[in-house]
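Chain by chain, the residues:
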Amino acid sequence: MQVQEGEGWRLLVDPARHPFVVLIGGAGWAAELTAAEASALQEGIGRLLAQHQAIAAQLMAEEAITLELDLDLAQGGLWLELEGTAARWQLRFVLTPVGPQRGLEGCWDPAASGAFASALAQWVAPA
């Protein structure tokens with residue numbers, strides 16, 4: 001089991017808790033994800049961060065932007081948002097299921113977003 005956490009975020013990986021092998025959390029909330037959902041979250045956040053990095057140098061210090069990404073998953077959809085300035089941003093997500101599955105919504109404040117994204121980027125999805 002891997003546990004990483006900091007002020008306002010948490011990432012726990014436990015392959016023995018199939019099918020919900022990843023637990024993510026923010027200030028006052030936590031949710032379990034399947035490996036596929038966690039992998040999609042990891043990919044989506046990585047794509048948003050790459051987009052943000054590509055345009056951050058073009059932003060004025062106080063200029064705020066919002067980047068959004070929709071991903072289609074086998075069991076529904078995942079919407080992601082990165083909002084903030086070049087130096088300070090926050091993450092938000094909504095997991096929308098198809099059928100009688102659970103849905104999730106969560107966010108990390110600017111102080112926690114970067115640390116959570118970095119920890120999630122290090123996770124290796126099971127094959």
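Residues numbered from 1 in each chain as written. Predicted model: local features only at pLDDT ≥ 70, side-chain atom pairs only at ≥ 80, totals over all residues. Heavy atoms only, no water.

Draft legend 1. Quick peek at the packing of helix H1 (residues 35-56) against helix H2 (residues 110-122). Remark: H1 packs on H2, axes separated minimally by 10 Å, with the N-to-C direction vectors making an angle of 125°. With respect to H2, the element H1 is oriented oblique. When the axes of H1 and H2 are compared, the crossing they make is left-handed. For the pair formed by H1 and H2, the contact residues are Ala38, Leu41, Gln42, Ile45 and Leu49 on the first element and Phe116, Ala117, Leu120 and Ala121 on the second. Its residues assigned to classes, the contact of H1 with H2 comprises eight nonpolar, one polar and no charged. (Axes fitted to C-alpha atoms, helices over the stretch in contact; angles between N-to-C directions. Helix = DSSP H or I, 4+ residues; strand = E, 2+ residues; numbered from the N terminus. Parallel < 35°, antiparallel > 145°, perpendicular 65-115°, else oblique. Left-handed = near helix turned anticlockwise from the far one by under 90°. Contact = heavy atoms within 4.5 Å. Nonpolar A, V, L, I, M, F, W, Y, C, P; charged D, E, K, R; others polar.)

Draft legend 2. Quick peek at the nonpolar core. Core analysis: the largest hydrophobic core is formed by 34 residues, its most contacted members being Ile24, Leu41 and Trp108. Each residue touching isoleucine 24, except ones within four places of it in the same chain, is listed here: Arg10, Leu11, Trp29, Ala30, Ala31, Leu33, Leu41, Phe93, Trp108 and Phe116. (Core = buried A, V, L, I, M, F, W, Y, C linked by side-chain atoms within 4.5 Å. Buried < 20%, exposed > 50% of the residue type's maximum accessible area, 1.4 Å probe, protein only.)

Draft legend 3. Geometry of H2. Of the positions making up H2, those classed as buried are Ala112, Ser113, Phe116, Ala117, Ala119 and Leu120. Around the axis of H2, the buried residues are gathered within 165° of arc, so they sit on the same side. Exposed positions of H2 whose direction lies more than 90 degrees from the buried face are Ala111, Ala121 and Gln122. Those residues of H2 that are buried are in contact with strand S1 (2-6), strand S2 (9-13), strand S3 (22-26), H1, strand S7 (89-97) and strand S8 (104-108). Of the residues flanking the start of H2, the one acting as N-cap is aspartate 109, its side-chain oxygen 3.1 Å from the backbone nitrogen of alanine 111. (Arc of directions from axis to C-beta. Polar contact = N/O pair within 3.5 Å; in protein donor to acceptor, adjacent residues only side chain to side chain.)

Draft legend 4. View of the pattern of salt bridges. For the structure on display, the rule yields five salt bridges. Two residues, glutamate 32 and arginine 17, come together in a salt bridge whose shortest N-O distance is 2.4 Å. With glutamate 32 in strand S4 (residues 29-33) and arginine 17 in the loop between S2 and S3, this residue pair connects regions lying 15 residues apart in the sequence. Here glutamate 105 makes a salt bridge to arginine 92, at a shortest N to O gap of 3.1 Å. Taken together, the residues glutamate 105 in strand S8 and arginine 92 in strand S7 connect sequence positions 13 residues apart. Residue classification places glutamate 105 among the exposed residues on the basis of a relative accessible area of 52%. (Salt bridge = Lys/Arg side-chain N within 4 Å of Asp/Glu carboxyl O.)

Draft legend 5. Looking closely at the packing of aromatic side chains. By the definition in use, this model includes five aromatic pairs. Arranged with centres 6.4 Å apart and planes meeting at 70°, the rings of tryptophan 9 and phenylalanine 116 form a pair that is edge-to-face. Of this pair, tryptophan 9 sits in strand S2 while phenylalanine 116 sits in helix H2, and the two are 107 residues apart along the sequence. Considered together, tryptophan 9 and phenylalanine 116 belong to a single accessibility category, that of buried residues. Aromatic rings pair up to connect Trp9, Trp29, Phe93, Trp108 and Phe116 into one cluster. (Phe/Tyr/Trp six-rings, centres within 6.5 Å; stacked < 30°, edge-to-face > 60°.)

This is a description of form; function is not addressed.
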